[in-house]
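Descriptive structure summary
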Protein chains: 4
Amino acid sequence: MTELGIGIVGGGYMGKAHAVAMSSVGAVFNTKLRPRLEMVAAGSVESAQRYRKAFGFARAAESWQQLVQDPKVEAIVIASPQETHRAIAEAAFELGKPVLCEKPLGASIKDARAMVAAAEKAGVVNMVGFNYIRTPASQFARQLLSEGTIGDVTYFRGEMTEDFLADPALPFNWRCEGLANGNMGDLAPHPINAALALMGPVARVMADIETVHSERSGQAVTNDDHSQLMLRFESGVMGHLYSSRIATGRKMGYAYEIHGTKGHIRFDQEDQNALWLYLAEGPEAQRGFRKILTGPAHPDFEPFCQGPGHGTGYQDQIIIEARDFLQAIETGTAVWPTFRDGLAVSEVIEAAWESTVTNSWVDVATH
Amino acid sequence: MTELGIGIVGGGYMGKAHAVAMSSVGAVFNTKLRPRLEMVAAGSVESAQRYRKAFGFARAAESWQQLVQDPKVEAIVIASPQETHRAIAEAAFELGKPVLCEKPLGASIKDARAMVAAAEKAGVVNMVGFNYIRTPASQFARQLLSEGTIGDVTYFRGEMTEDFLADPALPFNWRCEGLANGNMGDLAPHPINAALALMGPVARVMADIETVHSERSGQAVTNDDHSQLMLRFESGVMGHLYSSRIATGRKMGYAYEIHGTKGHIRFDQEDQNALWLYLAEGPEAQRGFRKILTGPAHPDFEPFCQGPGHGTGYQDQIIIEARDFLQAIETGTAVWPTFRDGLAVSEVIEAAWESTVTNSWVDVATH
Amino acid sequence: MTELGIGIVGGGYMGKAHAVAMSSVGAVFNTKLRPRLEMVAAGSVESAQRYRKAFGFARAAESWQQLVQDPKVEAIVIASPQETHRAIAEAAFELGKPVLCEKPLGASIKDARAMVAAAEKAGVVNMVGFNYIRTPASQFARQLLSEGTIGDVTYFRGEMTEDFLADPALPFNWRCEGLANGNMGDLAPHPINAALALMGPVARVMADIETVHSERSGQAVTNDDHSQLMLRFESGVMGHLYSSRIATGRKMGYAYEIHGTKGHIRFDQEDQNALWLYLAEGPEAQRGFRKILTGPAHPDFEPFCQGPGHGTGYQDQIIIEARDFLQAIETGTAVWPTFRDGLAVSEVIEAAWESTVTNSWVDVATH
Amino acid sequence: MTELGIGIVGGGYMGKAHAVAMSSVGAVFNTKLRPRLEMVAAGSVESAQRYRKAFGFARAAESWQQLVQDPKVEAIVIASPQETHRAIAEAAFELGKPVLCEKPLGASIKDARAMVAAAEKAGVVNMVGFNYIRTPASQFARQLLSEGTIGDVTYFRGEMTEDFLADPALPFNWRCEGLANGNMGDLAPHPINAALALMGPVARVMADIETVHSERSGQAVTNDDHSQLMLRFESGVMGHLYSSRIATGRKMGYAYEIHGTKGHIRFDQEDQNALWLYLAEGPEAQRGFRKILTGPAHPDFEPFCQGPGHGTGYQDQIIIEARDFLQAIETGTAVWPTFRDGLAVSEVIEAAWESTVTNSWVDVATH
Ligand SMILES: NC(=O)C1=CN([C@@H]2O[C@H](COP(=O)(O)OP(=O)(O)OC[C@H]3O[C@@H](n4cnc5c(N)ncnc54)[C@H](O)[C@@H]3O)[C@@H](O)[C@H]2O)C=CC1
Ligand SMILES: NC(=O)C1=CN([C@@H]2O[C@H](COP(=O)(O)OP(=O)(O)OC[C@H]3O[C@@H](n4cnc5c(N)ncnc54)[C@H](O)[C@@H]3O)[C@@H](O)[C@H]2O)C=CC1
Ligand SMILES: NC(=O)C1=CN([C@@H]2O[C@H](COP(=O)(O)OP(=O)(O)OC[C@H]3O[C@@H](n4cnc5c(N)ncnc54)[C@H](O)[C@@H]3O)[C@@H](O)[C@H]2O)C=CC1
Ligand SMILES: NC(=O)C1=CN([C@@H]2O[C@H](COP(=O)(O)OP(=O)(O)OC[C@H]3O[C@@H](n4cnc5c(N)ncnc54)[C@H](O)[C@@H]3O)[C@@H](O)[C@H]2O)C=CC1
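Residues numbered from 1 in each chain as written. Chains lettered and ligands numbered in written order. Predicted model: local features only at pLDDT ≥ 70, side-chain atom pairs only at ≥ 80, totals over all residues. Heavy atoms only, no water.

1. What to know about the interface of chain C and chain B
The extent of an interface is frequently quoted as the accessible surface area lost upon association of the parts. Contacts between the two partners involve 39 residues from chain C, matched on the other side by 39 residues from chain B. Both faces combined, the contact of chain C with chain B buries some 3,000 Å², and carbon together with sulfur accounts for 55% of it. Connecting chain C to chain B are zero salt bridges. For the side of chain C that touches chain B, the element with the highest residue contribution is helix H1 (residues 13–29) of chain C, accounting for eight residues. Across the side of chain C that touches chain B, the residue classes tally to 15 nonpolar, 16 polar and eight charged. (Contact = heavy atoms within 4.5 Å. Buried area = accessible area lost by both parts, 1.4 Å probe. Salt bridge = Lys/Arg side-chain N within 4 Å of Asp/Glu carboxyl O. Helix = DSSP H or I, 4+ residues; strand = E, 2+ residues; numbered from the N terminus. Nonpolar A, V, L, I, M, F, W, Y, C, P; charged D, E, K, R; others polar.)

See below:
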């Protein structure tokens, strides 16, 4: 068991989640590497100090630059806004320090490409924070697919629906400007990552992207509210993705359904401890979608609880992610999703935007 | 109360459903016109005789022609294969007899157009059998929309998923050939009709249509298995439709979700007595999707049962349809969906097919 | 195919349901005996005339006595209040006419016993209207149990919950007086019948019965609002029954769960087309409750629709009941539940009442 | 912010849960007192050493006695078998150290009484580990009840159903002997605690308790498999509790339904992030049970995640529990459920056992 000094950039929504995860991952997974909350950086020194006390870091940094360079900071988690991802990652790689970067990989595809180049040049552990795919249920879905349990897949539908901007009367805020903060920048990466994880590479897309509420507080909203993508995977399978920040009533609509020749899988993160599975086997009269409750029989569940059906939550995904990051550092092995995998997500997004210009199908490979 | 002699062409799946409906509609709805099962026609005289006995018709016809011409047959229900719809309808209109024709309106858009022309020339009652939209739940959804309960609609997703051809080992049958018998011909009309009923006219579509299992019993399958359509309604709202006959596990997946600025409606025909409604009102902590069970407070429920939650079924939709047909005849008023409404469905399908050729958005108006 | 003249006493909630059922049962089930709506009787001649027209009876009776005696009335359905059941049934049996009597079997256990005696003396078909157990789903549950699919049963929980008197402000009405109209008289018979049908005879009971809202419109409510029964079946299995007319939010809570050593069955009539089945077989990771949608693979579904998941409704149960009644008449065979089966329900109720006096377990056999 | 040395007795299922909770509670809730994993004790020195390393304790104790007496251990969590609870708690109170003891409070009611006496004599913080009631959803249910949202409560039904001993072929193990390890000793306390928390004190009970599988591996099972309790609360309200370790298919069936004059609450821990609420208000046609997803609007959710619907899990309840324990220590205020509250649970159990002897209702107050 060796300690590992962790530096986290950002102490907001995700910064806190990573701090908590780093506090408990050792006890949960009995990891070889034991993270030590060494340093936190934030938008201001004051807030960094506040985070230090609240989350139990040893020190607060004056800037992310200081944090990255601090010799006791041995691994870095980037949980600051998308615009900052690239510079922080590049600086860390420069010093050969492993990075876990929150999704999306930078604020643009240009950022994403530069970040992949930096990571691969440095040859150190690099990972993107697509946490949802790490629930026991979604890991189990991947396992079922790879074992062919539902036969040949014939259709995939994914979505990521929330409603935090559904009310047209909500005032203008930072989320209303900057492509990286719009639906395509902020929400779509999750279901696209899910699609890639579950189905493999996307061959081509055709998209419709829309800003429904184009004005808030008298100010023009300059990014999109929701979008749909028709797609074909490289396997030939047909797919559809919908993401939205205006889906009134939906709070955590990270959901998918996968049709196969022998079965059907359905999942909705709003009930993250259940995976629905239909199998076209056994007597016709006894067939039906089964609500499988996650338990010790499913990936990464038992360390959280020995009892099936007792349930894991949002924070637990981040703990699993932390475990994977630590393991990658310990073993020196790349862990999915790497920056390159993060770039693949950005490429689908890029192709989708292009298709709204050409009004036709766009090959992802060319992006 | 006056009797009305009914002639039904076809005694299979839908022929029986209409015969049963005509037997009970009077008692259920206390209709002014009381249908009398006068005559049934089928593919052979033998089967027509069998249907006569089973369903209680007074007489069996030797052919649909005989049925249409019989003076005691005052109204006609067409429940035979799509290829036969047009000729029967034209003959009936020639004689000024009202027609309730099963969906889709003929085997092609050419048929559909001819049938609309014949119907409008004759000026008699003409109606297409889109039954699903007639459940108390879906009627209530339409009512909620028209009253603005969920505010301005921002997204519509519809589907029609079944699995009767999901198993690739199923042998070739008549459903595997002829565009009218494929997914686009047979299944897609239902959700398209739902979309039109709930959302109004479709402005443009972009489709992906696929034959997944291209061979059965060594024979080439010449129509499609499933399809997805991105669409924009004339209102500007974004939409998506998926229909499939290979959706393993789905039995009656006539389903839709409608997002609005103030609420959200969801429905799935597999639980046809529930409508899910989210309202963005009241204390945040008490908001959630409500599972509303249909009851006497909803359209056309009470005649079937005084008790809420006691449920209506498939057959009851056909009874509601029969009531509407009788009422149209009695009052001489057109009843939705008329043949023209059926043609609107065919036009969306036509535009979808075209978009698969041009690989771009296609305006429906030009079809 | 032979016609059978039907006389129905009562044209309210259930009288209408039986009239509609008799109108369509022939077409649905291709029955040998074809019911003819011969005569209807009601509380007044005027209402009988109104029902005649609405439901399509040939004639209206001046009294139930006239109806029973009419030579063209060959079989009788009793759908009038509990107080009238006994006299009508006795008169019908006197003339050797078959009777389908709505639940419960008379207004008291004394009535029930007399009715069984009369029925058995006459030796004609006698049947009680416990319709809910006739859904395809509940018939399938019985089949699963008899085939041992869930192993040895270890626990049964049943309920019948509605909320028609949940609001304490609702004014006094006829339902608020007379034991036969209270929860134990009116609602409890359904789940008790379900328990007997699914689990076999009840050995002993221990009950708690309560009038929660003891006054309405200033008048004393003289019957019960809800009740719970602990019970042991003759098989030794433990059970629980709850019934209530004040269960706010529950509309048709005819529900049960049955635990077995190898599986588990759950059902709720509010989603009457689904049966939930858990099987302790196959890989642990793939186990879960399956939502089985009723379809042609289940009892008595196909005559209503060839499509699985398309759903039957309340009215369809009454049609199945009518089929069974006709078949019993045709074949001269007793059909479950006979009056004797109805009496078994009354005996459990009687034992339950007694246990509230003795405050201890009461053997049903002694009642 | 002050550190607090924590000693945990036991490192199994619950010992680990508490160790993880103590690792993260500070970061999650920004607590004033910051727990330090000081010492762990277990059944053997080897296992204590193993737990020390795995969970990150500073030291392993040679015995629980050593742990209790260690001056750096300032607060104690008891997570060892029921038989050990009493001695450990008494030793801790002797030294004036606060105790969080896992449910149930000792192995017998005698133990429970002694533990309450010791705790109250010492006058230090004492708390029992009823974690389930601490989910955001169940806390919210309590809030709704206390605010009268569903009006006057008329019925309560609770259950705790699992299936870890459902298979009769499972071999004999320690759970099969000793009343404290049976269903009444191990499972029933949870729903009884829920009933007390949600509904207030129980006035009287009438129970049926059964050992269904009386032999395993040829050895006699000497404790119970499942049980049901009819009860009346001091408020007069009727209730029912069922608990079982043989409920095939149920994994975490901590569930309850509460009927009120104005609404209805339902909860099932298998979907712990949803609370179902029916309100008898607004238009009849729009009423239905709402599935409320927990979020920042509900108690203790936000510290885990800012996003509604993102979900908490089993481990998070233990973190909330740890926060409450720390707060009690910091403020010197008793925190529900104290040992006395734990004793109230044991008294209901005692009364239930007695009722199976007397076969009649038993007043809880006399226990
Ligand atoms: N994986 C997931 O489920 C989620 C991922 N995210 C991603 O996490 C990242 C952070 O988002 P949130 O935590 O929601 O934002 P937030 O606004 O809650 O927190 C951002 C933090 O970054 C800090 N920060 C801002 N500028 C900085 C700078 N120049 N140097 C150092 N620190 C700076 C702020 O002080 C703040 O602590 C984003 O990339 C976002 O896309 C966000 C939410 C969910
Ligand atoms: N609204 C709905 O939910 C459904 C609508 N349909 C539609 O109903 C129509 C009938 O379909 P099904 O009942 O499923 O088919 P089916 O194969 O069960 O029955 C077809 C009937 O038409 C008769 N028939 C065939 N050729 C004939 C001819 N030349 N003259 C007279 N009768 C002839 C056959 O004898 C048979 O009785 C189709 O247009 C279909 O698209 C079918 C199923 C569901
Ligand atoms: N199986 C089930 O699901 C249900 C069964 N029932 C049972 O059906 C029976 C009827 O109840 P509802 O239809 O709800 O009552 P209702 O009040 O709707 O109708 C009662 C009918 O009986 C007639 N009637 C009253 N006194 C009569 C008399 N002396 N002679 C002839 N007709 C008379 C009335 O005119 C009326 O048409 C009851 O025994 C009730 O328990 C009621 C509802 C549901
Ligand atoms: N709140 C809840 O949800 C649950 C509570 N429990 C309760 O937690 C307690 C522990 O149960 P589990 O963790 O399931 O048991 P376990 O068998 O997993 O762990 C018991 C631990 O106690 C230790 N131990 C045994 N004898 C000891 C002794 N004399 N001195 C020191 N340590 C000793 C063992 O080494 C082991 O680490 C029980 O009282 C049980 O009822 C258990 C499961 C769930």
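2. Considering the sheet that holds strand S3 (residues 59–60) of chain C
Residue and element names in this part refer to chain C. Spatially, S3-S2-S1-S4-S5-S6 is the arrangement adopted by the six strands of the open sheet, whose pairing is parallel. Among the strands making up the open sheet, the edge pair consists of S3 and strand S6 (126–129). Across four bridges, the pairing between strand S5 (residues 99–102) and S6 is parallel. Looking at the pairing, cysteine 101 lines up with valine 128 of S6. Strands strand S2 (33–41) and S3 of the sheet are contacted by helix H2 (residues 45–55), whose axis makes an angle of about 150 degrees with S2. (Pairing = 2+ DSSP bridges. Axes fitted to C-alpha atoms, helices over the stretch in contact; angles between N-to-C directions.)

3. Examining the interface of chain B and chain A
Each side of the interface is counted separately: chain B has 46 residues, and chain A has 46 residues. Interface area, chain B with chain A, both sides summed: about 3,300 Å², of which 57% is carbon and sulfur. Contact with chain A buries surface across chain B, with Met230(B), Met238(B) and Thr248(B) losing the most and accounting together for 18% of the total. Between the two partners, chain B and chain A, sit four salt bridges. Two residues, Arg232(B) and Glu210(A), come together in a salt bridge whose shortest N-O distance is 3.2 Å. Every element with two or more residues in the side of chain B that touches chain A is listed here: strand S7 (153–161), strand S8 (202–210), strand S11 (226–233), strand S12 (238–244), strand S13 (253–260) and strand S14 (263–268) of chain B. In terms of residue count, the dominant contributor to the side of chain B that touches chain A is S11(B) (six residues).

4. So, the domain arrangement of chain A
All names here are of chain A. Annotation of chain A at the domain level lists domain 1 (2–132) and domain 2 (133–312 + 345–358). Computed over C-alpha atoms only, the centres of domain 1 and domain 2 are separated by 26 Å. Domain 1 puts 14 residues into the contact, and the matching count from domain 2 is 22 residues. Contact between domain 1 and domain 2 buries roughly 1,600 Å² in total, counting both sides, with carbon and sulfur atoms accounting for 61%. Of all residues in domain 1, Ile109, Phe130 and Tyr132 give up the largest surface area on contact with domain 2, accounting jointly for 49% of the area buried on that side. Here aspartate 186 ties to lysine 103 by a salt bridge, and the two come within 3.0 Å at their closest N and O atoms. In this assembly, domain 1 and domain 2 are joined by six residue pairs in polar contact (both at pLDDT 80 or more). Looking at the side of domain 1 that touches domain 2, the elements with two or more residues in it are helix H1 (13–29), helix H4 (82–94), helix H5 (109–122) and strand S6 (126–129). (Domains from an automatic or database assignment. Polar contact = N/O pair within 3.5 Å; in protein donor to acceptor, adjacent residues only side chain to side chain.)

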